[in-house]
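# Observations on the model geometry
Chain residues, written in single-letter form:
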Amino acid sequence: MIDPDDLPDPPMLAREQDVSEYDDVEVNPTDTHRDDLDDFLAEGAWADAIEEWAADADLDEAEYEIARDLGLFQEFDFFWDSFAQRVGYHTPGIPEDWKERGLHPDLDSWSQVSAINAELATLGRIIADELHEYVDWEDDYDAPDDLPDF
C-alpha cells in the first residue's frame, strides 16, 4: 500500500517538448495550454488524482519507491489536444533495457517493471481525466462557416 502522506509533487510540464515527438502520442501540437494545466495541477488536480490512484494502486512499497527514485512521477507530461478536445498525456516508464543500464539496485524483475509501467499508465489516465474537469476553454472552438450540412 502506498502511504497517502508520502505522495510525490506534481511534475513541471515540458513546455519545450514538442508533443508530436512522443512515440505514444499522435496529436497536432497547436496550443497545448501547458501553463494552464500546470496551474490546475498545483490547484489540486494532481493531489486529487494521485490520492485516488494511490488508494487502488497495485504496487508494493518497494516498487513505488523505485518509481520515485527514478523520478518517473516528475516525467509525466500533460497537454491540451485541441483536435480531440481532451487532455492528452505522455506516461513515463521503465525502458526495455533497464537491466543492461542498471537503472536501480532494487529493480530485479520484469514483473516489477511491468507493474510499475502499468500503474504509471493508469495514473496518467486518472490525472488527465481529473485535469479535464478543470478545463473551461474547450467551448472556445468556432467551427468554420463553410462546413457542409449533413
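Scroll up a little and you will see the structure.
In what follows, the accompanying structure is described.

About the cut-offs
Note on numbering: residues in each chain are counted from 1, in written sequence order. Given that this is a predicted model, residues contribute local features only at a pLDDT of at least 70 and side-chain atom pairs are listed and counted only at 80 or more, while totals for whole chains, interfaces and linings are drawn from all residues. The side-chain numbers reported here are obtained from all heavy atoms of the structure, hydrogens and water having been left aside. Only runs of H or I of at least four residues qualify as helices and only runs of E of at least two qualify as strands under DSSP, and these elements are numbered from the N terminus. Three labels apply to residues, based on accessible area from a 1.4 Å probe with only protein chains included: buried if under 20% of the type maximum, exposed if over 50%, partly exposed otherwise in between. Contact between two residues is taken to exist if any of their heavy atoms lie within 4.5 Å; hydrogens are not considered. Surface accessibility in these figures is a Shrake-Rupley result with a 1.4 Å probe; residues are shielded only by whichever protein chains are displayed. Here a pair means two rings of Phe, Tyr or Trp (six-membered ring of Trp) with centres within 6.5 Å. Their orientation is stacked below 30 degrees between planes, edge-to-face above 60, and tilted elsewhere. Any Lys or Arg side-chain nitrogen located within 4 Å of an Asp or Glu carboxyl oxygen qualifies as a salt bridge. Residues with no salt bridge and a relative accessible area higher than 30% make up the patches, which join like charges within 9 Å and nonpolar side chains (Val, Leu, Ile, Met, Phe, Trp, Tyr) within 5 Å. Charge counting treats Lys and Arg as positive and Asp and Glu as negative, with His and both chain ends excluded. The location of each charge is read from NZ of Lys, CZ of Arg, CG of Asp or CD of Glu. The criterion for strand pairing is that DSSP finds at least two bridges linking the strands in question.

### Notes on the overall build of the protein chain
Looking only at helices and strands, one finds four helices and two strands in the protein chain. Counting every position in the protein chain, which comprises 150 residues, the buried fraction comes to 41%. The long-range share in the protein chain, meaning contacts at least 24 apart out of those at least 6 apart in sequence, stands at 70%. Surface exposure of the protein chain reaches about 8,900 Å², of which carbon and sulfur atoms provide 44%.

### Focus: the packing of aromatic side chains
By the definition in use, this model includes six aromatic pairs. Measuring from ring centre to ring centre gives 5.5 Å for Trp-98 and Trp-110, while their planes differ by 80°; the resulting arrangement is edge-to-face. Here Trp-110 lies in helix α4 (residues 110–134) and Trp-98 lies in helix α3 (residues 98–101), a separation of 12 residues in the sequence.

### Here's the deal with the pattern of salt bridges
Going through the model one piece at a time under the given rule, you end up with five salt bridges. Between Arg-86 and Asp-81 there is a salt bridge, with its nearest N and O atoms 3.2 Å apart. For Arg-125, the salt bridge is made with Asp-129, and the minimal N-O distance between the two is 3.7 Å. Placement of the pair is Arg-125 and Asp-129 together in helix α4, with a separation of four residues, close to one helical turn.

### Looking at the environment of Phe-76
Following the sequence through the fold, Phe-76 ends up in the loop between α2 (61–69) and β1 (77–81). For Phe-76, a relative accessible area of 1% gives the class buried. Phe-76 sits 17 residues away from Gly-93 along the chain, and the two C-alpha atoms are 9.4 Å apart. Contacts of Phe-76, omitting those with residues within four sequence positions, involve Pro-11, Leu-13, His-90, Thr-91, Pro-92, Leu-120, Leu-123 and Gly-124.

### Overview of a negative patch on the surface
A surface patch of like charges, here negative, comprises Asp-3, Asp-5, Asp-48, Glu-51, Glu-52, Asp-56, Asp-58, Asp-60 and Glu-61. Counting residues per element, the negative patch draws most heavily on helix α1 (residues 34–56), at four residues. Relative to the elements of secondary structure, Glu-51 occurs in helix α1.

### Things to note about the pairing of β1
Remember that side chains alternate between the two faces of the sheet whenever the strand is regular. A large share of β1 lies buried, amounting to five of its five residues. Because side chains alternate across β1, one face comprises the buried residues Asp-77, Phe-79 and Asp-81, and the other comprises Phe-78 and Trp-80, equally buried. In this sheet, strand β2 (residues 86–90) lies alongside β1 in antiparallel orientation, the contact comprising five bridges. Opposite Asp-81, over in β2, you have Arg-86 as the bridge partner. Here β1 folds back onto β2, and the loop between the two strands holds four residues, one of which, Gln-85, carries a positive phi near 55°.

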